[in-house]
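Chain residues, written in single-letter form:
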Amino acid sequence: MTTRTLIVLRHAKAAHVHGLADRERPLTGRGERDARRVGETLTGMDLHPDLVLCSPSERTRQTARLALPDADITFDPAIYEAYSDELLTLIRRSDPEVRTLMLVGHNPGVHELVLDLTARDDDPGFPPGAFAVIETEDEWAELEAGRGVALWSPKEH
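Figured I'd write up the structure that's included with this text. (Residues numbered from 1 in each chain as written. Predicted model: local features only at pLDDT ≥ 70, side-chain atom pairs only at ≥ 80, totals over all residues. Heavy atoms only, no water.)

Between side chains of opposite charge, pairing is possible as soon as their charged atoms come close. Tallied over the full model, the rule gives six salt bridges. A salt bridge links Arg-92 to Glu-144; its shortest N-O distance comes to 3.2 Å. A residue pair is termed long-range when its members are at least 10 positions apart, and Arg-92 in helix α3 (residues 84-92) and Glu-144 in the loop between β5 (131-136) and β6 (147-152) qualify at 52 residues. Look at Arg-92 and you get partly exposed, because its relative accessible area is 27%. For Glu-144, a relative accessible area of 54% corresponds to the exposed category. One continuous salt-bridge network, built from bridges that share partners, spans Asp-22, Arg-25 and Arg-59. (Salt bridge = Lys/Arg side-chain N within 4 Å of Asp/Glu carboxyl O. Helix = DSSP H or I, 4+ residues; strand = E, 2+ residues; numbered from the N terminus. Buried < 20%, exposed > 50% of the residue type's maximum accessible area, 1.4 Å probe, protein only.)

Below, the structure is given as structure tokens:
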């Protein structure tokens, strides 16, 4: 069997700008630094996504590009405001040749997805810039649950 790796990343810290639509909110300076640290951490873990599925909001686009400047990024509007079951449906549609897949999105959806896929008994939270690494033997189309192998948060590192 082939092991597949799913990386679920919540966008980094975003600014609240009066009068700016939610989708257009940019990262703060701290958010930009945290997004770069995500990339450095993933590289240090030898994780290199074959495909990145990303919400089209400004903050998720910036997070993905700063963390993985050379990655193949697909911006999918279905990720914005999606809940866990909707995100799982998107993941299940991924090409079976993809071995390492990253999803960049928003809470509460990404947090719920991580809890659903890892069947955790505790809830460590999922702050801006946090990511989870989940390994599975399942094909993407059959993904149910995996083994959580890492949870990273900029607040803890």
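Moving on, we come to the environment of Ala-67. Within the fold, Ala-67 resides in helix α2 (residues 58-67). Judged by its relative accessible area of 7%, Ala-67 falls in the buried class. Residues Ala-67 and Val-38, 29 residues apart in the sequence, show an inter-C-alpha distance of 5.6 Å. Sequence-distant contacts of Ala-67, defined by excluding residues within four places in its chain, comprise Ala-35, Val-38 and Gly-39. (Contact = heavy atoms within 4.5 Å.)

With that settled, consider the pairing of strand β4 (residues 100-105). Within β4, six of the six residues are buried, which leaves the element mostly enclosed by the surrounding structure. Neither face of β4 is exposed, since Thr-100, Met-102 and Val-104 on one face and Leu-101, Leu-103 and Gly-105 on the opposite face are all buried. One ladder, built from six bridges, connects strand β1 (residues 4-10) with β4; its direction is parallel. For Val-8, the partnering residue across the bridge sits in β4 and is Leu-103. (Pairing = 2+ DSSP bridges.)

Attention shifts here to the pairing of β1. Within β1, seven of the seven residues are buried, which leaves it mostly tucked inside the rest of the structure. Taking every second residue as pointing to the same face, both faces of β1 are buried, with Arg-4, Leu-6, Val-8 and Arg-10 on one and Thr-5, Ile-7 and Leu-9 on the other. Where β1 and β5 come together, six bridges link them in antiparallel fashion. Looking at the pairing, Val-8 lines up with Ala-132 of β5.

To continue, consider α3. Each turn of an α-helix holds 3.6 residues, which means side chains three or four residues apart point in the same direction. Of the residues making up α3, those classed as buried are Ser-84, Leu-87, Leu-88, Leu-90 and Ile-91. Down the axis of α3, the buried side of the element spans an arc of 160 degrees, and every buried residue falls inside it. Those residues of α3 hidden inside the fold are in contact with β1, β2 (51-54), β4 and α4 (109-118). (Arc of directions from axis to C-beta.)

So, about the side chain of Ser-84. Structurally, Ser-84 can be placed in helix α3. For Ser-84, a relative accessible area of 6% gives the class buried. At 2.6 Å, the side chain of Ser-84 and the side chain of Asp-116 are in polar contact. (Polar contact = N/O pair within 3.5 Å; in protein donor to acceptor, adjacent residues only side chain to side chain.)

Limitation: the analysis is restricted to geometry and does not speak to function.
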